[in-house]
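Chain by chain, the residues:
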Amino acid sequence: MGTKIIGTGSFVPDHVVTNNHLAELVETSDEWIRSRTGIAQRRISDSFGTSQMAAEASKRALENAHVKPEDIDLIIAATSTPDCCFPSAACEVQGILGAVNAVGMDVSAACSGFIFALSTVDAMIQTGMYKTALIIGVDNLSKIVDWSDRSTCVLFGDGAGAAVVRACDENGQGIIGGQIGSDGKKAAVLSCWSRTMGNFLTGKKPEPGYIVMEGQEVFKFAVKKVPECVEALMESMGIGMDEVKYLILHQANYRICESIARRLRISMDKIPMNIEKYGNTSGASIPLLLDELNREGKLKKGDKLVLAGFGAGLTWGAVLVEW
Ligand code: COA
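Note that the coordinates shown come from a computational prediction; the quantities given were computed from them, not determined experimentally. Starting afresh in each chain, residues are numbered from 1 along the sequence in its written order. For this predicted model, a pLDDT threshold of at least 70 governs which residues receive local features, and a threshold of 80 or more governs which side-chain atom pairs are given and counted, while totals over whole chains, interfaces and linings are taken from all residues. No hydrogens and no water enter the side-chain calculation; it runs on all heavy atoms of the structure.

**Considerations on helix α8 (residues 254-264)**
Per-residue accessibility, obtained with a 1.4 Å probe over protein chains only, is compared with the maximum for each type, and a residue is labelled buried under 20%, exposed over 50%, and partly exposed between these values. A run of DSSP states H or I qualifies as a helix once it reaches four residues; a run of E qualifies as a strand once it reaches two. Both are numbered from the N-terminal end. All of the buried residues along α8 are I256, C257, S259, I260, A261 and L264. By definition, residues are in contact when any of their heavy atoms lie within 4.5 Å. Buried residues in α8 make contact with α7 (215-237), β11 (246-249) and β12 (304-311). Here α8 starts with a cap whose side-chain oxygen sits 2.6 Å from the backbone nitrogen of R255, and that cap is N253. Following α8 by one or two positions, R265 has its phi on the positive side, about 55°. Polar contacts, as used here, are pairs of N or O atoms within 3.5 Å; protein pairs need one atom able to donate a hydrogen and one able to accept it. Residues neighboring in sequence count only if both atoms are side-chain atoms.

As structure tokens, then:
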């Protein structure tokens, strides 16, 4: 039994915020942001919440897959920014879509979330429990960014991406293999805590926190861990990088992607990028890029793709797919 991606979709809010806009908020410049990250602009959601963005991307993925909402039996949403503690974003999407035969739940693995969700769904499909699943990567990071902190606020944007997968009998098609990992000892390197937890004794209300990050530590982690993970995956599958058409990387920083390419000894031609337009959309970045490639007709039947992510946790992971 295999798990095949049969459709993709994505959604980004209309509101474009350029680097020059940010230079009005904090001491930064378009030149600094572009040269350090490759980002020129990002989308910020004014009116759409996480679940609405996720539902829009999901509708497009279902349409692309020619699947009706009632045919989905599993929905997994990868997000760090659900609209509320509960219900889950996946359950909210289920309600919006009318996916009455599905079960919904969220996965929390920050920017690696879509890879974790894809691996989880693949494993669940392998057991025979589910046949048709909707996997969503969505984040509304602008709501947890400290807009006065120039070291983080220039990096992130909002968006959603989704993929529909289905159990298939054909050998060698769909998800060929995957590896995911985490290191909780490095949790403090990239985190978002509630600054003040609610307190029963003092009656204090909880206050939301903001993203805090040791940028250089994250950079070093990403450029070491991702190539290691991809190499280990490829070796375990007996497939060389020369057989892979695209390495679809989490869009966090152009320089991180360049460094990963160097370490894997592959050209940047194999690493599609859209960070310039959207910034780091966390859980959404990989399915958003996958959907762009799909809609541009760049993915052909039989193409081998590696999808790889990294982020808070720390977490990382890669999945090898045959399109
Ligand atoms: N504009 C202008 N200057 C800025 C700035 C900004 N937006 N942000 C930081 N700086 C300044 C710093 O204050 C520092 O100034 P100083 O030398 O006077 O102290 C200088 O630029 C260098 O800062 P540093 O943090 O060393 O820069 P860097 O080269 O490491 O680049 C990042 C910073 C965040 C771009 C880089 O570390 C990075 O991309 N890390 C990975 C982050 C990431 O991808 N996180 C998400 C992972 S999922």
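**Notes on the sheet that holds strand β8 (residues 174-182)**
Either a parallel or an antiparallel arrangement is found when strands of a sheet pair, and the pairing is made through backbone hydrogen bonds. With mixed pairing, four strands are arranged side by side in an open sheet as β8-β13-β12-β11. Every other strand in the sheet has two partners, leaving β8 and β11 as the edge strands with one partner each. On average, each strand axis in the sheet is tilted by 15° relative to the strand beside it, whichever way the strands run. The pairing criterion is simple: DSSP has to find at least two bridges between the two strands. With four bridges connecting them, β11 and β12 associate as parallel partners. Within the sheet, the bridge partner assigned to L247 lies in β12 and is V306. Note on geometry: axes are lines fitted to C-alpha atoms, helical ones only across the stretch in contact, with angles between N-to-C directions running from 0 to 180 degrees. Against the sheet, helix α10 (residues 285-295) engages β11 and β12, with an angle of about 140° to β11.

**Some words on the site of the ligand**
Around the ligand, the structure places 23 residues, and the nearest of them are T28, R36, G215, Q216 and N253. In the environment of the ligand, a nitrogen atom lies 2.7 Å from a nitrogen or oxygen atom belonging to the side chain of T28. Here a nitrogen atom of the ligand and a backbone polar atom of G215 are 2.9 Å apart. Methods summary: accessible areas were calculated by the Shrake-Rupley approach with a probe of 1.4 Å, and residue burial reflects only the protein chains presented. Summarising the interface, the protein chains cover 72% of the accessible area of the ligand, which totals 950 Å² for the free molecule. Here a cavity means grid points, on a 1 Å grid over the protein atoms only, where a 1.4 Å probe fits yet cannot get out; a pocket means an open set of points with protein on both sides within 12 Å along at least five of seven lines; lining residues are those with an atom within 4 Å of a point. Assignment of a molecule to a cavity or pocket requires that more than half of its atoms lie within 2 Å of the corresponding grid points. If you map the ligand onto the pockets, it falls in the largest pocket. It is α7 that provides the largest number of residues to the shell around the ligand, a total of four residues. Under the convention adopted here, Pro, Cys and the residues Ala, Val, Leu, Ile, Met, Phe, Trp and Tyr are nonpolar, Asp, Glu, Lys and Arg are charged, and Gly plus all remaining residues are polar. When its residues are assigned to classes, the shell around the ligand shows ten nonpolar, nine polar and four charged. Each residue is tested against the molecule or strand, and it is near if at least one of its non-hydrogen atoms lies within 4 Å.

**A closer look at the packing of helix α3 (residues 50-65) against helix α4 (residues 89-97)**
In contact at an axis separation of 9 Å, α3 and α4 are set at 55° when each is read in the N-to-C sense. Taken together, the axes of α3 and α4 are oblique relative to one another. Once α3 is placed against α4, the crossing between them reads as right-handed. Contact residues: α3 offers S51, A54, A55, S58, K59 and L62, while α4 offers A89, E92, V93, I96 and L97. Class assignment of the residues belonging to the contact of α3 with α4 gives a composition of seven nonpolar, two polar and two charged. Working definition: roughly parallel below 35 degrees, roughly antiparallel above 145 degrees, roughly perpendicular at 65 to 115 degrees, and oblique for all remaining angles. Take the far helix as your reference; a near helix turned counterclockwise from it by less than a right angle gives a left-handed crossing, and one turned clockwise gives a right-handed crossing.

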